[in-house]
Amino acid sequence: MGERDRGIHVGVTSTRAQVIVGLVLLMAFGWWVTAQPPFSVSGTIGVLVAGVALIGLARLWRHGMQTDDRSAGNEKLWVWAVVIGAIVVWELITFLGHPREAHPTISSMADTVQAEHAVRWLFFGGWVALGWSLAT
Amino acid sequence: MTSRTATFVVWGVLAALLIATEVLAVTTRRIPTVGALLRSLVRHPAMRVVFLAAWLWLGWHFFVRSSR
């Protein structure tokens, strides 16, 4: 391994370590964010800080690592358009239906499931994973 | 069947459809995976900004607005 290759290897390892530490800290911060009361200013600021931190980590990752530039293959994306379109249509139908107990939406079902703090924190992990996919 | 049960049944079918599509994508590679779909959606920088803004709103919606 040459000097240059060794330098690149160290740089990549360092970036990976920084990002992993950052994500662990972000999940720890998420425990506090998901403990905030509904509609609180502290909760709103917490979500914003977590979002900005994740975008910063993603930027660090994109600059330090070789990003995946493989073509996603736009053909057959229509399959996903049909599936997601069906979910959006059903969400709208249930959203317009009343009462909410008889026509549960994604949000109302999530509210019920998220009554437990630990489950809410797991949801936070899913939200971080989705943001990571979008930002990297 | 009550409205509530019928609504849950449709949600269940849609969730199964979503999972089946992803499993089909991963196992057969004949359709894009969710990851490939997201990559194609955010390929343009402006679209990335729009989707990240929507993602931030989603975080606020689920963790702050929640009526738990």
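Just so you know, these numbers come straight off a predicted model, no measurement behind them.

Asker: Before we move on, could you go through the overall build of chain A and cite the residues and values that matter?
Answerer: Each helix and strand in chain A was counted, giving five helices and zero strands. Reading the helices (α) and strands (β) of chain A from amino to carboxyl end gives α-α-α-α-α. Across the 136 residues that make up chain A, the buried fraction comes to 16%. At a minimum sequence separation of 6, the contacts of chain A that also span at least 24 residues come to 65%.

Asker: Describe the overall build of chain B, and please don't skip the residues or the numbers.
Answerer: Check the secondary structure of chain B and you find three helices and zero strands. Secondary structure elements of chain B occur, N-terminal to C-terminal, as α-α-α. Taken against the 2.2 N^0.38 rule, which gives 11 Å for 68 residues, the C-alpha radius of gyration of chain B at 16 Å runs more than 25% over that of a compact globule. Taking the principal axes of the C-alpha coordinates as reference, chain B spans close to 45 × 40 × 15 Å.

Asker: So what's going on with the nonpolar core? Residues and values would help.
Answerer: Ranked by internal contacts, the top residues of the largest apolar core, which has 16 residues, are Val33(A), Val47(A), Ala50(A), Leu54(A), Phe124(A), Val128(A) and Phe63(B). Elements with a contribution of two residues or more to this core: α1 (3–33), α2 (41–64) and α5 (117–135) of chain A together with α3 (45–63) of chain B. In this structure Phe124(A) touches Gly30(A), Val33(A), Thr34(A) and Phe63(B), once residues within four positions along its chain are discounted.

Asker: Outline the interface of chain A and chain B, listing residues and values.
Answerer: Residue-level contacts link 40 residues of chain A with 33 residues of chain B. Mapped onto the side of chain A that touches chain B, the elements with two or more residues apiece are α2, α3 (78–96), α4 (106–113) and α5 of chain A. Considering only residue class, the side of chain A that touches chain B consists of 23 nonpolar, 13 polar and four charged.

Asker: Any details on the environment of Gly64(A)? Residues and values, ideally.
Answerer: Here Gly64(A) shows up in helix α2. Once the C-alpha coordinates of Gly64(A) and Thr15(A) are considered, the two residues, 49 residues apart in sequence, prove to be 5.8 Å apart.

Asker: Kindly report on the packing of α2(A) against α3(B), identifying the contributing residues and their values.
Answerer: To characterise two packed helices, one gives the angle between the axes of the helices and the distance between these axes. The N-to-C vectors of α2(A) and α3(B) enclose an angle of 145 degrees; their axes lie 10 Å apart at closest approach. In this structure, α2(A) meets α3(B) at a crossing whose hand is right-handed. Judged by residue contacts, Gly43(A), Thr44(A), Val47(A), Gly51(A) and Ile55(A) of α2(A) engage Leu52(B), Leu56(B), Gly59(B), Trp60(B) and Phe63(B) from α3(B). Taken together, the residues of the contact of α2(A) with α3(B) sort by class into six nonpolar, four polar and no charged.

Asker: Let's hear about unusual backbone geometry: which residues, and what values?
Answerer: Residues and elements named next belong to chain A. The omega angle of the peptide bond from histidine 98 to proline 99 is -5 degrees, so this bond is cis rather than trans. Its location among the elements puts proline 99 in the loop between α3 and α4. A positive phi angle, near 60 degrees, is found at phenylalanine 39, a position not held by glycine. Structurally, phenylalanine 39 can be placed in the loop between α1 and α2.

Parameters at a glance
Residues numbered from 1 in each chain as written. Chains lettered and ligands numbered in written order. Predicted model: local features only at pLDDT ≥ 70, side-chain atom pairs only at ≥ 80, totals over all residues. Helix = DSSP H or I, 4+ residues; strand = E, 2+ residues; numbered from the N terminus. Buried ≥ 20, exposed ≤ 12 C-beta atoms within 10 Å, placed from the backbone. Contact = placed C-beta atoms within 7 Å. Rg over C-alpha atoms; globule rule 2.2 N^0.38 Å. Core = buried A, V, L, I, M, F, W, Y, C linked by C-beta atoms within 7 Å. Nonpolar A, V, L, I, M, F, W, Y, C, P; charged D, E, K, R; others polar. Axes fitted to C-alpha atoms, helices over the stretch in contact; angles between N-to-C directions. Left-handed = near helix turned anticlockwise from the far one by under 90°.

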